[in-house]
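Notes for the structure review
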Amino acid sequence: MEYSVPVLFLIFNRPAFTEMVFEAIAEIKPKYLYIAADGPRPDKPDDIELCTKTRSVIERVNWDCEVKTLLRDKNRGCKSAVSEAITWFFENVSEGVILEDDCLPDKTFFPFCEELLAKYRFDDQVMSVSGSNLLTGGWKKDIQSYHWGHGGIWGWATWKRAWDLYDIEMQHWPGQQTKNKIKAQLGTADWYNGYYGMFESSFNKSLNTWDIQWFYSILINGGMAINPCVNLVKNIGYGNGTHTHSADDVIANLPVSAISFPLIHPPKMLLDIDYLKQVYAHLNKKYSSSIMSRALKLFKIK
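What counts and how
Residues numbered from 1 in each chain as written. Predicted model: local features only at pLDDT ≥ 70, side-chain atom pairs only at ≥ 80, totals over all residues. Heavy atoms only, no water. Core = buried A, V, L, I, M, F, W, Y, C linked by side-chain atoms within 4.5 Å. Buried < 20%, exposed > 50% of the residue type's maximum accessible area, 1.4 Å probe, protein only. Pairing = 2+ DSSP bridges. Helix = DSSP H or I, 4+ residues; strand = E, 2+ residues; numbered from the N terminus. Axes fitted to C-alpha atoms, helices over the stretch in contact; angles between N-to-C directions. Contact = heavy atoms within 4.5 Å. Salt bridge = Lys/Arg side-chain N within 4 Å of Asp/Glu carboxyl O. Parallel < 35°, antiparallel > 145°, perpendicular 65-115°, else oblique. Nonpolar A, V, L, I, M, F, W, Y, C, P; charged D, E, K, R; others polar. pLDDT = per-residue confidence, 0-100. Phe/Tyr/Trp six-rings, centres within 6.5 Å; stacked < 30°, edge-to-face > 60°. Lys NZ or Arg CZ within 6 Å of the ring centre and 35° of its normal. Expected span 1.5 Å × (residues − 1).

1. Focus: the nonpolar core
Ranked by internal contacts, the top residues of the largest apolar core, which has 69 residues, are Leu33, Val97, Phe112, Ile182, Phe199 and Ile226. Grouped together as the second largest cluster of nonpolar side chains are 23 residues, Ala36, Ile86, Ala162 and Trp214 included.

2. Examining the sheet that holds strand S6 (residues 126-130)
The strand order across the open sheet formed by eight strands is S3-S2-S1-S4-S8-S6-S9-S7, and the pairing between neighbours is mixed. If you trace the sheet from one side to the other, it starts and ends with strand S3 (66-71) and strand S7 (146-149), each paired once. Shown here is a sheet whose adjacent strand axes are inclined to one another by a mean of 25°, direction ignored. Bridge count for strand S1 (residues 7-11) against strand S2 (residues 32-37) is five bridges, and the pairing is parallel. In the strand pairing of S2, Val7 is matched with Leu33. Most of the contacts of helix H3 (residues 77-90) go to strand S4 (residues 95-100), to which it runs at about 150°, and overall it touches S1, S2, S3, S4 and strand S8 (156-159). Each of S6, S8 and strand S9 (224-228) is contacted by helix H8 (residues 211-220), which is oriented at about 135° to S6, the strand it contacts most.

3. What about the pairing of S6?
Of all five residues making up S6, five are buried, and the element is well covered by its neighbours. Examined bridge by bridge, S6 and S9 share three bridges and lie parallel to one another. Looking at the pairing, Val126 lines up with Met224 of S9.

4. Let's talk about the pattern of salt bridges
Any two side chains of opposite charge can pair, so long as their charged atoms come close to each other. Across all of its chains, the model carries 14 salt bridges by this definition. Here Arg14 ties to Asp101 by a salt bridge, and the two come within 2.9 Å at their closest N and O atoms. Here Asp101 lies in the loop between S4 and strand S5 (103-105) and Arg14 lies in the loop between S1 and helix H1 (15-28), a separation of 87 residues in the sequence. For Arg14, a relative accessible area of 9% corresponds to the buried category. Look at Asp101 and you get buried, because its relative accessible area is 0%.

5. A closer look at the packing of helix H6 (residues 176-186) against H8
Across the interface, H6 lies against H8 with an axial gap of 9 Å and an inter-helix angle of 90°. As far as their axial angle goes, H8 and H6 are roughly perpendicular. Counting all contacts with H6, which are made through Thr178, Lys181, Ile182, Gln185 and Leu186, the residues of H8 involved are Phe215, Tyr216, Leu219 and Ile220. Across the contact of H6 with H8, the residue classes break down as six nonpolar, two polar and one charged.

6. A short note on the pairing of S9
Here S9 lies mainly inside the structure; five of its five residues are buried. What you see with S9 is no split at all: Met224, Ile226 and Pro228 on one side and Ala225 and Asn227 on the other are buried throughout. The sheet contact formed by S7 and S9 spans four bridges and is antiparallel. Of the residues in S9, the one forming a bridge with Trp148 is Ile226.

7. What about the confidence of the model for the chain?
Predicted confidence across the chain gives a mean pLDDT of 91, with 90% of residues reaching 70 or more. Predicted confidence for residues 287-292 stays below pLDDT 50, and this span has 14 contacts to residues more than four positions away or in other chains.

8. A word on the packing of aromatic side chains
Each aromatic ring pair is specified by the distance between its two centres and by the angle formed by the two planes. In the structure shown here, the tally under the stated rule is 27 aromatic pairs. Their ring planes at 35° and their centres at 6.0 Å tell us that Tyr195 and Phe199 sit as a pair that is tilted. A residue pair is termed a helical-turn pair when its members lie 3 or 4 positions apart in one helix, as Tyr195 and Phe199 do in helix H7 (residues 189-203) at four residues. Its relative accessible area of 0% is what places Phe199 among the buried residues. Of the aromatic side chains, those joined through ring pairs into one cluster are Trp173, Trp191, Tyr192, Tyr195, Tyr196, Phe199, Phe215, Tyr216 and Tyr280. It is Lys119 that lies over the ring of Tyr120; its NZ or CZ is 5.5 Å from the centre. Here the guanidinium or amino end of Arg161 rests over the ring plane of Trp159, the centre of that ring lying 4.3 Å away.

9. Focus: the packing of H7 against H8
Any two packed helices are characterised by how steeply their axes cross, that is the angle between the axes, and by the distance between the axes. With their axes 10 Å apart at the nearest point, H7 and H8 run at an angle of 110° to one another. Viewed along their axes, H7 and H8 adopt a mutual orientation that is roughly perpendicular. Here Tyr195, Met198, Phe199 and Ser202 of H7 come into contact with H8, specifically with Ile212, Gln213, Phe215, Tyr216 and Leu219.

10. Description of H3
Taking 1.5 Å per residue as the helical rise, H3 with its 14 residues ought to reach 20 Å, and the 20 Å between its terminal C-alpha atoms agrees with that figure. H3 sits mainly inside the fold: eleven of its 14 residues count as buried. Every buried residue belonging to H3 is among Gly77, Cys78, Lys79, Ala81, Val82, Ser83, Ala85, Ile86, Trp88, Phe89 and Phe90, and all of these are buried.

Listed below in structure tokens is the structure:
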């Protein structure tokens, strides 16, 4: 049975990881597959061969599938390559699933996204469906299938209507009114203090990323993000990525579980403060680095 939700697969220069994630995508046989690849870095000669080998995954699509590609000749870097690829994706589709080359999903991740994309399709407050749950034992899995948290981008889904609000320049960040709104949306002072430095760095362009701007865009628009009751996506890139440096991080080896169907929807659309506090305490106990560094590791894919 084919998967009707469009899938965007973001790749670069890691053929082994790309093959693993491609196999997971191939299992569900998406009807529409978009593949975006950044180009080789000019100062890394090995990138030419690695990028070529990575892109060969396109040749392995052997099911009935409409494939569209965005293959860069030159390197755009993390910030531009990813954000531009997602914009390209939503120039063609109204909703979809997004996976990077180091985000290995459980098979149930796909129907989870499919059902929630349909359920909240016309609810402007809901802006992201994440596959991530950062608590090893899951959260409230006996009473509901997901909760309202901060989302995450290790395998996620969204709608064109939400991505259209993406502000890569974070133009309103300097205003105190904006900061107050973001603090309220984050739910806890700990998380606000943790993210503050990243918002600053993303705004002043000293941090080459795209996802902090996406998180900012959700918050300033009063948006909500979904987290599943169990972790549905494993980041396999730790120790071999731009921002995921250490394979010893507490979230580097999070187990992946299948989610049960039919989904049990939470009774209210309220930020789950208890979950956020538990996650913060879990990470704070394990890491010896700064809060900013911990949060960087939490929301980086590469």
